[in-house]
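The chain contents come next:
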Amino acid sequence: LRESKFELIIVLRTLTDITPAEFSKKAKELCPDIPVVLMALHHRELEQEREETERVFDNVFIWNGESKMLLTIIKLVEDKVNVEADTEQVGVRVIILVENSIRFYSSYLPLMYSEIMRQASALFMESINSSTRRVRMRARPKILLAENFEDAVSLFHRYREYLLGVISDIRFPREGKSDETAGIELARLMKSELADLPILLQSSDQAMHEQAVAGETAFLNKQS
């Protein structure tokens, strides 16, 4: 880091000579703007240090042995860095994912990116040449991850005119505490400002289905 320039750091949880948090702090001192992502093998060890990891790392993922995970991390970081310019200059669309379960979004985001890339590729297959296709592929929808109510609302207000839709958990932190109906309230707020915004609410609690449908949102059981 002292000798060369890098754009992303992925830190494994299994470092032996320094803790990942200490390494991240040292890296940020050398390169304040570089994204540092933590990769762990088990969710239990992350939950024990959740508050510290949220302060020290830009994102945290659980490695499930899937090679697409590395691509997912790179795409998520790219989207966060490029979304402002790409929306304002080109009108690229945005999907907001609201989820604070590291284990769930670690498996869910690779599926989202795979599907978006598949659809974008199919859409642009009729492009004149390969260089044109590559340019158009960069215009795929961006995915922005929010892990609490306040961040989700901030992203909504910032990119509302570019939103394709919102996929949200129902239970996640609001004002620093876990809120059983945060997703319902979030959907209600968004619908009050954009009535036709597509919203998918997800929960492991099937009893939330009625509340989701009553708010004119789609519902998906996470256990399905």
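On a predicted model such as this, the values are computed, not experimentally measured, just so you know.

Parameters at a glance
Residues numbered from 1 in each chain as written. Predicted model: local features only at pLDDT ≥ 70, side-chain atom pairs only at ≥ 80, totals over all residues. Heavy atoms only, no water. Helix = DSSP H or I, 4+ residues; strand = E, 2+ residues; numbered from the N terminus. Buried < 20%, exposed > 50% of the residue type's maximum accessible area, 1.4 Å probe, protein only. Contact = heavy atoms within 4.5 Å. Areas by Shrake-Rupley, 256 points an atom, 1.4 Å probe, with all protein chains shown as cover. Salt bridge = Lys/Arg side-chain N within 4 Å of Asp/Glu carboxyl O. Expected span 1.5 Å × (residues − 1). Pairing = 2+ DSSP bridges. Axes fitted to C-alpha atoms, helices over the stretch in contact; angles between N-to-C directions. Phe/Tyr/Trp six-rings, centres within 6.5 Å; stacked < 30°, edge-to-face > 60°. Lys NZ or Arg CZ within 6 Å of the ring centre and 35° of its normal.

Asker: Explain the overall build of the protein to me, using residue names and the numbers behind them.
Answerer: Helix and strand counts for the protein stand at 9 helices and 10 strands. Counting the 224 residues in the protein, one finds 42% classified as buried. Taking the intrachain contacts of the protein between residues at least 6 apart in sequence as the baseline, contacts between residues at least 24 apart amount to 64%. Approximately 13200 Å² of the protein is accessible, and the part contributed by carbon and sulfur atoms is 49%.

Asker: Got a sec to walk through the pattern of salt bridges? Specific residues and values, please.
Answerer: Under the defined criterion, the tally for this structure stands at 12 salt bridges. Close ionic contact of Lys28 with Asp58 constitutes a salt bridge, the shortest N to O distance being 2.8 Å. Highlighted residues: Lys28 in helix α1 (residues 20–30) and Asp58 in the loop between α3 (50–56) and β3 (59–62), separated in sequence by 30 residues. On the basis of relative accessibility, which here comes to 21%, the residue Lys28 falls in the partly exposed class. The partly exposed category is assigned to Asp58, whose relative accessible area is 30%. A salt bridge links Asp179 to Arg174; its shortest N-O distance comes to 4.0 Å. For Arg174, a relative accessible area of 28% corresponds to the partly exposed category.

Asker: An account of helix α8 (residues 182–193) is requested, with residue identities and associated values reported.
Answerer: Its 12 residues place the ends of α8 17 Å apart at the C-alpha level, agreeing with the 16 Å of an ideal helix rising 1.5 Å per residue. Within the sequence span of α8, burial applies to Ala182, Gly183, Ile184, Leu186, Ala187, Met190 and Lys191.

Asker: Residues and numbers for the sheet that holds strand β5 (residues 142–146), please.
Answerer: Read across the open sheet, the 5 strands follow the order β5-β4-β6-β9-β10; overall the sheet is parallel. Edge positions in the sheet fall to β5 and β10 (218–221), since each of these pairs with one other strand and no more. Pairs of neighbouring strands in the sheet enclose a mean axial angle of 20°, with direction left out of account. Along the sheet face, helix α4 (residues 68–90) touches β4 (94–98) and β5 and points at about 115° away from the line of β5. Along the sheet face, helix α7 (residues 149–159) touches β4, β5 and β6 (163–169) and points at about 150° away from the line of β5.

Asker: Any chance you could break down the pairing of β10 for me, citing the residues and the numbers?
Answerer: Residues Phe219 and Asn221 point to one face of β10 and are all buried, whereas Ala218 and Leu220, pointing to the other face, are not buried. The pairing of strand β9 (residues 199–203) with β10 spans 4 bridges and is classified as parallel. Counted as the bridge partner of Ser203 is Asn221 from β10.

Asker: Kindly report on unusual backbone geometry, identifying the contributing residues and their values.
Answerer: A positive phi angle is found at Glu175, which is not glycine, with a value near 55°. Here Glu175 shows up in the loop between β7 (172–174) and β8 (177–179). At Glu216, a position not held by glycine, the phi torsion is positive, near 60°. Along the chain, the position of Glu216 falls in the loop between α9 (209–214) and β10.

Asker: Let's hear about the packing of aromatic side chains: which residues, and what values?
Answerer: The geometry of an aromatic ring pair is captured by two quantities: the separation of the ring centres and the angle between the planes. This structure, assessed with the given rule, holds 2 aromatic pairs. Plain terms: the ring middles of Phe61 and Tyr105 are 5.4 Å apart, the flat faces sit at 80° to each other, and that makes the pair edge-to-face. Of this pair, Phe61 sits in strand β3 while Tyr105 is found in helix α5 (residues 102–123), placing the two residues 44 residues apart along the sequence. Here Phe61 falls in the buried class, since its relative accessible area comes to 0%. Centre to centre, the rings of Phe104 and Tyr108 are 5.1 Å apart; their planes meet at 20°, and the pair counts as stacked. Here Phe104 and its partner Tyr108 are both found in helix α5, 4 residues apart, which amounts to about one turn of the helix. The class of Phe104 is buried, set by a relative accessible area of 17%. Take Tyr108: its relative accessible area is 15%, and that puts it in the buried class. Note that Arg174 overlies the ring of Phe149, its terminal NZ or CZ placed 4.2 Å from the centroid.

Asker: Lay out the environment of Met69 with the relevant residues and their values.
Answerer: Within the secondary structure layout, Met69 lies in helix α4. Residues Met69 and Ser106, 37 residues apart in the sequence, show an inter-C-alpha distance of 7.6 Å. Contacts of Met69, omitting those with residues within four sequence positions, involve Met39, Phe61, Ile62, Trp63, Asn64, Ser106 and Pro110.

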